[in-house]
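# Working through the structure, step by step
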There are 2 protein chains.
Amino acid sequence: MLDICLLGTGGMMPLPYRYLTSMMARVNGSAILIDAGEGTQMALRRKGWSPNPIDVICFTHYHADHISGLPGLLLSMGNAERTAPLMMVGPRGLERVVNSLRVIAPGLPFDIVFRELEESSETIAMPGMRDVFIDAFRVNHNVTCYGYSIRLVRAGRFDADAARALGIPVRFWNPLQKGSVITDGDVTYEPSMVMGPERRGLKVTYVTDSRPCASIVEAAEGSDLFICEGMYGEEDKIADARQKKHMLFREAAELADKAGVKELWLTHYSPSLLHPEDFADAARRVFPATVAAKDGRTVTLRFDGDGESGEQLTHVQE
Amino acid sequence: MLDICLLGTGGMMPLPYRYLTSMMARVNGSAILIDAGEGTQMALRRKGWSPNPIDVICFTHYHADHISGLPGLLLSMGNAERTAPLMMVGPRGLERVVNSLRVIAPGLPFDIVFRELEESSETIAMPGMRDVFIDAFRVNHNVTCYGYSIRLVRAGRFDADAARALGIPVRFWNPLQKGSVITDGDVTYEPSMVMGPERRGLKVTYVTDSRPCASIVEAAEGSDLFICEGMYGEEDKIADARQKKHMLFREAAELADKAGVKELWLTHYSPSLLHPEDFADAARRVFPATVAAKDGRTVTLRFDGDGESGEQLTHVQE
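Everything numeric in this text was worked out from a predicted model, so none of it was measured.

This next bit is on the overall build of chain A. For chain A, the helix and strand inventory stands at 10 helices and 17 strands. Burial status across chain A gives 57% buried among its 318 residues. Look at the contacts in chain A between residues 6 or more apart in sequence, and 63% of them connect residues 24 or more apart. Placing the 34 positive and 42 negative side-chain charges of chain A at their respective mean positions leaves the two points 2 Å apart.

At the interface, 31 residues of chain B touch 31 residues of chain A. Of the roughly 2700 Å² buried at the junction of chain B and chain A (both faces included), carbon and sulfur atoms supply 67%. Looking at the side of chain B facing chain A, the largest losses of area belong to B:Glu38, B:Met42 and B:Ile104, adding up to 25% of the total buried there. Counting across the chain B and chain A interface gives 0 salt bridges. Joining chain B to chain A, the criterion identifies 4 residue pairs in polar contact (both at pLDDT 80 or more). Those elements that provide at least two residues to the side of chain B that touches chain A are α1 (40–47), α2 (64–67), α3 (70–79) and α4 (94–101) of chain B. Among the elements that line the side of chain B that touches chain A, the one with the most residues is α1(B), at 5 residues. Looking at the side of chain B that touches chain A, its residues break down into 16 nonpolar, 10 polar and 5 charged.

Relative to the assigned elements, A:Glu38 resides in the loop between β3 (30–34) and α1 (40–47). Notably, A:Glu38 is buried but unbridged: the nearest opposite-charge side chain belongs to B:Arg45, and the N-O separation is 9.2 Å. In terms of polar contacts, A:Glu38 uses its side chain to reach the backbone amide nitrogen of B:Gly39, at 2.6 Å. A distance of 2.9 Å separates polar atoms of two side chains, one belonging to A:Glu38 and the other to B:Gln41.

Our focus in this paragraph is the pattern of salt bridges. All chains considered together, the criterion is met by 30 salt bridges over all chains. The partner of A:Arg211 in a salt bridge is A:Glu251, and the shortest N-O contact between them spans 2.8 Å. Within this pair, whereas A:Arg211 is found in the loop between β12 (199–207) and α7 (214–220), its partner A:Glu251 is found in helix α9 (residues 249–259), the two being separated by 40 residues in sequence. Accessibility assignment for this pair places A:Arg211 and A:Glu251 in one class, buried. A salt bridge links B:Lys237 to B:Glu234, with the shortest nitrogen-to-oxygen separation between them at 3.6 Å. One salt-bridge network, in which partners are shared between bridges, spans A:Glu235, A:Arg250 and A:Glu254.

Attention now moves to the environment of A:Thr208. All names here are of chain A. Tracing the backbone through its elements, the reader meets Thr 208 in the loop between β12 and α7. Judged by its relative accessible area of 0%, Thr 208 falls in the buried class. In the structure, Thr 208 is positioned 161 residues away from Lys 47 in sequence and 22 Å away in space, judged by C-alpha atoms. If near-sequence neighbours (up to four positions away) are discounted, Thr 208 is found in contact with Thr 21, Asp 35, Thr 60, His 66, Val 139, Cys 145, Glu 229, Thr 267 and His 268. At 3.2 Å, the side chain of Thr 208 and the side chain of Asp 209 are in polar contact.

As a rule of thumb, nonpolar side chains are buried together in soluble globular proteins. Judged by nonpolar contacts, the single largest core of 62 residues is most densely connected at A:Met88 and B:Met88. What A:Met88 contacts, discounting residues up to four positions off in sequence, is A:Ile57, A:Phe59, A:Leu70, A:Leu74, A:Leu94, A:Val98, A:Ile112, A:Val113, A:Phe114 and A:Arg115.

Glancing now at the relation of the copies chain B and chain A. For the match of chain B to chain A, the screw axis carries a shift of 0.1 Å, the RMSD comes to 0.1 Å, and the turn is 180°. Each copy turns onto its partner about a two-fold axis. Most of the interface of chain B is mirrored in chain A, where 100% of its interface residues are also at the interface.

Our next topic: α9(A). Among the residues of α9(A), A:Phe249, A:Glu251, A:Ala252, A:Ala253, A:Leu255, A:Ala256 and A:Ala259 are the ones counted as buried. Positive phi appears at A:Gly260, one or two residues downstream of α9(A), with a value of about 60°.

Another aspect to go through is helix α4 (residues 94–101) of chain A. Among the residues of α4(A), A:Leu94, A:Val97, A:Val98, A:Ser100 and A:Leu101 are the ones counted as buried. The buried residues of α4(A) all sit within an arc of 160° when viewed along its axis, so they share a single face.

This brings us to the sheet that holds strand β14 (residues 264–267) of chain A. All names here are of chain A. Sheet architecture is open: 7 strands sit in the order β7-β8-β9-β12-β13-β14-β15, paired in mixed fashion. For this open sheet the edge positions go to β7 (121–125) and β15 (290–292), each flanked by a neighbour on one side alone. Adjacent strand axes in the sheet meet at a mean angle of 20°, parallel and antiparallel pairs treated alike. Where β7 meets strand β8 (residues 132–138), 5 bridges bridge the pair, whose relative direction is antiparallel. When the bridges of β8 are listed, Ser 121 appears paired with Phe 137. Seen against the sheet, α9 touches β13 (225–229), β14 and β15 and runs at an angle of roughly 150° to β13.

On to the environment of A:Asp295, then. Mapped onto the elements, A:Asp295 comes out in the loop between β15 and β16 (297–301). Between the C-alpha atom of A:Asp295 and that of A:Leu7, which follows or precedes it by 288 residues, the distance is 5.5 Å.

A few words now on the side chain of A:Thr298. Tracing the backbone shows A:Thr298 in strand β16. At 2.7 Å, the side chain of A:Thr298 and the backbone oxygen of A:Gly296 are in polar contact.

So, on to the sheet that holds strand β7 (residues 121–125) of chain B. All names here are of chain B. Strand order in the open sheet made by the 7 strands is β7-β8-β9-β12-β13-β14-β15, with mixed pairing throughout. Strands at the two margins of the open sheet, each flanked by one partner only, are β7 and β15 (290–292). Averaged over all pairs of adjacent strands, the angle between strand axes in this sheet comes to 20°, irrespective of strand direction. The sheet contact formed by strand β8 (residues 132–138) and strand β9 (residues 146–154) spans 7 bridges and is antiparallel. Paired with Arg 138 across the strands is Tyr 146, a residue of β9. In the packing of helix α9 (residues 249–259) onto the sheet, contacts are made with β13 (225–229), β14 (264–267) and β15, and the angle to β13 comes to roughly 150°.

So, about the packing of aromatic side chains. Taken as a whole and assessed by the stated rule, the structure comprises 10 aromatic pairs over all chains. Residues A:Phe249 and A:Phe279 carry aromatic rings whose centres are separated by 6.5 Å and whose planes lie at 85° to one another, so their mutual orientation is edge-to-face. Note that A:Phe249 is positioned in helix α9 and A:Phe279 in the loop between β14 and α10 (280–286), a separation of 30 residues in sequence. One aromatic cluster in this structure is built from A:Phe249, A:Tyr269 and A:Phe279. Over the aromatic face of B:Phe110 sits the side chain of B:Arg82, whose NZ or CZ is 5.7 Å from the ring centroid.

Before going further, it helps to spend a moment on the pairing of β8(A). The element β8(A) is extensively covered by neighbouring structure, given that 5 of its 7 residues are classed as buried. Where β7(A) folds back on β8(A), the antiparallel hairpin that results is connected by 6 residues, among which A:Gly128 adopts a positive phi of roughly 75°.

All names here are of chain B. Burial of β13 is extensive: 5 of the 5 residues sit out of reach of the surface. Here β13 shows no split at all, with Leu 225, Ile 227 and Glu 229 on one side and Phe 226 and Cys 228 on the other all buried. Bridge analysis of strand β12 (residues 199–207) against β13 gives 4 bridges, and the strand direction is parallel. Counted as the bridge partner of Val 204 is Leu 225 from β13. In this region the chain leaves β12, passes through helix α7 (residues 214–220) and returns to the parallel neighbour β13; the handedness of that crossover is right-handed.

So, how was this worked out
Residues numbered from 1 in each chain as written. Chains lettered and ligands numbered in written order. Predicted model: local features only at pLDDT ≥ 70, side-chain atom pairs only at ≥ 80, totals over all residues. Heavy atoms only, no water. Helix = DSSP H or I, 4+ residues; strand = E, 2+ residues; numbered from the N terminus. Buried < 20%, exposed > 50% of the residue type's maximum accessible area, 1.4 Å probe, protein only. Contact = heavy atoms within 4.5 Å. Lys, Arg positive; Asp, Glu negative; His and termini not counted. Charge placed at Lys NZ, Arg CZ, Asp CG, Glu CD. Buried area = accessible area lost by both parts, 1.4 Å probe. Salt bridge = Lys/Arg side-chain N within 4 Å of Asp/Glu carboxyl O. Polar contact = N/O pair within 3.5 Å; in protein donor to acceptor, adjacent residues only side chain to side chain. Nonpolar A, V, L, I, M, F, W, Y, C, P; charged D, E, K, R; others polar. Core = buried A, V, L, I, M, F, W, Y, C linked by side-chain atoms within 4.5 Å. Least-squares fit on C-alpha atoms with pLDDT ≥ 70 in both. Arc of directions from axis to C-beta. Pairing = 2+ DSSP bridges. Axes fitted to C-alpha atoms, helices over the stretch in contact; angles between N-to-C directions. Phe/Tyr/Trp six-rings, centres within 6.5 Å; stacked < 30°, edge-to-face > 60°. Lys NZ or Arg CZ within 6 Å of the ring centre and 35° of its normal. Right-handed = clockwise from strand over helix to strand, strands pointing away.

Spelled out as structure tokens, the structure:
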């Protein structure tokens, strides 16, 4: 189960009632935050979500609208007496930028572990979890910028008949299910002996600050949810979009279509775009399952139900 | 005329509907901002006030709740194509702190002029104005921290009878009124020859993050408006207040009383203080003209009316 909240949907500058783009994913009692623009801690509080479970913060890049809320967020996490280390992921320069900002947030009661991205794509295992991964992939902006996919993998089904047929003692079934290799005297049991093929998991992809590019289509392929920037709704903003390396709604919808995602949420709107919904229909003609998201939009994604068809997209809130 | 807006009233951490403490004063087409916590640019937009006229930003100190909104504010001012230099005033370390934060706000189209405070009190002339002054005075916090008074001085009345009696040509009356010394052939006319004694001006004093201390009473003396922190409403928080170098509502009211100010606005509330108004009556028993201010509270202060009594406190908004 994966809870996703789009804390803010503003690009470049916040509006009085639109926070800057930030996304939070809660999974297995932990959480991942992607980007932390000015006001992120306020958006979190407004949503009623705690910053406490955030164990990883990923940055797409270091323009202020994506990181200016970091000092306040770190202080709030420190005030909540966090002591567990916090991992940060981002393009080269991460440690320098964060340490510069920490001039106003010194003396935190927890360590920060930096993971600077070097390759065009990298996969990071969520600390302490075997089934959650963060894929970072380079996109096309005017500075080095990455998109992220959060993936929950789902093990195959346990085959009790096979376990019985192999004479595996029942006390080993549970550890085998959890992926442990068991040695019992001379005999070794491996998970692959009793587990069916990996089942469909969950995947959410987040991209802001990019022109459309192949790496996005590749990374977003088959996502349950694709959150993508739509800086401009109007077609006549294409020259601006090209120059500033952003996208139109329609271009985001084309990416969603090519990547075969289940749903697209647009975000990172220009401050000049006061009513994103006005331009959503044009995007829906390209990709019907397009939502012009508003701040606070939330969804709980669940694994395919046994015997049920499709994901259950429950508790969608705006 | 002096427009004052308390953009935010939060201390330490913002709440979803309470921005961090920041005050803006508009005067003669220019503006002074004191402190710029996270969300200041949003509070400004919510208020409908433009950041464009801000020519001076004063910082009380560099805890994040007082400066974390600076990078976003600077970028907004840059996006609005400001080119005039911006003066910043604050305790020692100002340039280092601001330049650290500017890692995410490089390349502004205007210069920043730093004025680092060294003395226990200093007076700064508002750039380009002869009648507006900023008094900085050291207060008592756990780091070096300053309060500020903004003063509008008001020249004396022009004495036309005296000017006529001295035979001063009428064409010189206006420049003399504006403070110029006029030399006409062998004769020199000075403003003091035709101007009455300086009249009562306007004064607003702003103090956050301090224990009560004598420098506050001295600096706030006779202020039309005294904006002062009230971190805690409850009397039983006195130990916290002493340890963290903050004030109770009652202590702020005592300062207001001693300084003989006209009105006190409390601000910089602890995030634990959800309903400041609940504790305002206790402060009003000490100093009746106490207001537990809310975000966005605004007043227009005017000079004493000719023949009218007292200031006209008009357009008070919450």
